[in-house]
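Coordinate inspection notes
Listed below are the residues making up each chain.
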Amino acid sequence: MSASCCGTTASLELEQNVNAGAGGLPVVVIGAGPVGLAAAAHLAERGQDFLVLEAGEQVAASVVRWGHVRVFSPWKYNIDAAARRLLEADGWTGPDPGRLPTGGELISDYLAPLAKLFGDKVRLGARVTAISRLGYDRVRTNGREDAPFLIRLESGEELRARAIIDASGTYTTPNVLGASGLPAHGEEAADVDHALPDVLGADRDRFEGKHTLVAGAGHSAATTLLALAELPDATITWAIRSGGASRTYGGGEADALPARGALGTRLRAHVDAGRIRLLTGFFTHRVNATGHGVEVVSRDPSGREQSVTVDQIVSATGYRPDHSIASELRLDLDPILGSTRALAPLIDPNQHSCGTVPAHGVDELTHPEPGYYAVGVKSYGRAPTFLMATGYEQVRSVVAALAGDWQDARDVQLDLPETGVCSSNLAQAQEQRVGLTTGLSGGLLATPLPLVTVSAADGAGCCG
Ligand SMILES: Cc1cc2nc3c(=O)[nH]c(=O)nc-3n(C[C@H](O)[C@H](O)[C@H](O)COP(=O)(O)OP(=O)(O)OC[C@H]3O[C@@H](n4cnc5c(N)ncnc54)[C@H](O)[C@@H]3O)c2cc1C
């Protein structure tokens, strides 16, 4: 549909604006997490004007929420190359490349100093609520690619951009507790924790002496269960949909991934000893607040019900991307994962662990909407195979393309050891309180994560 066929004076003015082109406008990066800030570093290096919009009041606001978790990939894989160059030119000395940082250290020792270099090009408290193209809804085609992007913030302010790099992550949109992918009845009103509360640190009071239900069969569930098992007075119930926990236990000593086997063995020992009560075939259907706790009711596909009454619920059911801010853009999403279709087969968790995902860049991240790229953990949709290192290569490639350097954009490479970036020996050596990371699968999920206590202030105070 062309604008000229039904143009009013106002729309003609708009059209002239659009025709002025988006060329002089900045690239807007949504999210100042590790990947959004890496995108900013590449844009800065290439002399491209940019603006980073971060919803939180501090950089990496999602990482702050899991700041007590020690990651399993050592520093050398967690620092983007362009970011390193900019920081070193500013006199920064990188942390020990072989150490595993906590989320809090990732911010204080790397992301916060990096964001500081960009000054007011990183805007905090700037939540993006919608993106479109100026004067164009999703249907209108003619001249679309020349129209600037329109970005609406929660405050109502509107900005324009020549391209958008959406690195807004998935951490704030966890999967629901309800077994069929829909919220359980009463879930929205219930007080449900999502994966990785700081059970042995800041959140201890909420779990000590309480009965907690942990729902989910992944490693974030295992992490929380093992931490709860260290609280002497905690009562623990673990609910999974399947008929047995063998997938979570792994193969014990025979497991191809020894660390996963060891973790599974510990979890199984707690279940066998009765320390953790396992409910199998549990399809969460309803959550009711009662006078003596929260009743969680399962209804399986045959209609059979079972229930448990607890004080706390931890839903460790993974994450999903929220594409709603881009609903006026033309996206080509894989129907299963919610990544781009081209990326889906490369990251499919049925085929890949994060160590085996091949390098990919602008070609795999391109949507029908020219100039819009979802990157970072959001680009993976529901696939739990994401690594910061792959995200850094994504943004290197996308920014090269935005700068017109297609040769560099298409020369995608990943410098990871074949076994992935996890270092189970290191993790075990640093272990104080063992758990596994969440949101990741395969070799990385297989690695025990030592958890340390980091106060909220440690994460908060460091951000620019
Ligand atoms: C517990 C845990 C441990 C992990 N350990 C590792 C590890 O060891 N190694 C590894 O490589 N990977 C690890 N990951 C996976 C992944 O690398 C991290 O999740 C990483 O933080 C992803 O970076 P990101 O920049 O894509 O997204 P995020 O870090 O989630 O950042 C997204 C940012 O966007 C902001 N935002 C969200 N919505 C909006 C909006 N509408 N407007 C503006 N801003 C917005 C958020 O506030 C946030 O700051 C781990 C993940 C978790 C959860």
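As shown above, the structure is provided for reference.
Below is a short write-up of the structure. (Residues numbered from 1 in each chain as written. Predicted model: local features only at pLDDT ≥ 70, side-chain atom pairs only at ≥ 80, totals over all residues. Heavy atoms only, no water.)

Some points on the packing of aromatic side chains
Taken as a whole and judged by the stated rule, the model has 5 aromatic pairs. With centroids separated by 6.4 Å and ring planes inclined at 90°, the aromatic side chains of Trp75 and Tyr110 adopt a geometry described as edge-to-face. Here Trp75 is found in helix H4 (residues 75–78), whereas its partner Tyr110 is found in helix H6 (residues 103–117), with 35 residues between them in sequence. Plain terms: the ring middles of Tyr380 and Phe386 are 5.0 Å apart, the flat faces sit at 90° to each other, and that makes the pair edge-to-face. Relative accessible area serves as the criterion here: at 0%, Tyr380 is assigned to the buried category. The aromatic ring of Phe149 is capped on one face by Arg133, whose charged end is 4.0 Å from the ring centroid. (Phe/Tyr/Trp six-rings, centres within 6.5 Å; stacked < 30°, edge-to-face > 60°. Helix = DSSP H or I, 4+ residues; strand = E, 2+ residues; numbered from the N terminus. Buried < 20%, exposed > 50% of the residue type's maximum accessible area, 1.4 Å probe, protein only. Lys NZ or Arg CZ within 6 Å of the ring centre and 35° of its normal.)

Overview of the pattern of salt bridges
Any two side chains of opposite charge can pair, on the condition that their charged atoms come close. According to the stated counting rule, one finds 21 salt bridges in the structure shown. Measuring nitrogen to oxygen at the nearest pair gives 2.8 Å for the salt bridge that ties Asp166 to Lys378. Of the two residues, Asp166 sits in strand E7 (residues 163–166) while Lys378 sits in helix H13 (residues 376–379), which places them 212 residues apart along the sequence. The class for Asp166 is buried, based on a relative accessible area of 0%. Across the pair Asp332 and Arg341 runs a salt bridge, and its minimum N-O distance is 2.6 Å. Residue Asp332 is classed as partly exposed on the basis of its relative accessible area of 27%. By relative accessible area, which is 46% here, Arg341 ends up partly exposed. (Salt bridge = Lys/Arg side-chain N within 4 Å of Asp/Glu carboxyl O.)

Some words on the nonpolar core
Nonpolar side chains in soluble globular proteins tend to be buried together. Counting 85 residues, the largest nonpolar core has Leu37, Tyr110, Ile165, Trp238 and Val375 as its most contacted members. Considering each element in turn, this core owes the most residues, 8 residues, to helix H14 (residues 388–402). Residues Val128, Ile164, Tyr372 and Ala374 belong to the second largest nonpolar core, which totals 18 residues. (Core = buried A, V, L, I, M, F, W, Y, C linked by side-chain atoms within 4.5 Å.)

Here we look at the pairing of E7
Neither face of E7 is exposed, since Ala163 and Ile165 on one face and Ile164 and Asp166 on the opposite face are all buried. With 4 bridges joining them, strand E1 (residues 27–30) and E7 adopt parallel strand pairing. Bridged to Ile30 within E7 is Asp166. Alignment of E7 against strand E16 (residues 372–374), held across 3 bridges, turns out to be parallel. Bridge pairing links Ile164 to Tyr372 in E16. (Pairing = 2+ DSSP bridges.)

Concerning the sheet that holds E1
On the basis of which strands lie adjacent, the open sheet formed by 5 strands has the order E3-E2-E1-E7-E16 and parallel pairing. Pairing within the sheet leaves two strands with one partner each, and these edge strands are strand E3 (122–123) and E16. Inspection of the sheet shows E1 paired to strand E2 (residues 50–53) by 4 bridges, in the parallel sense. Looking at E2, one finds that Val27 is bridged to Phe50. Along the sheet, H14 contacts E1, E7 and E16; its crossing angle with E7, the most-contacted strand, is approximately 180°. (Contact = heavy atoms within 4.5 Å. Axes fitted to C-alpha atoms, helices over the stretch in contact; angles between N-to-C directions.)

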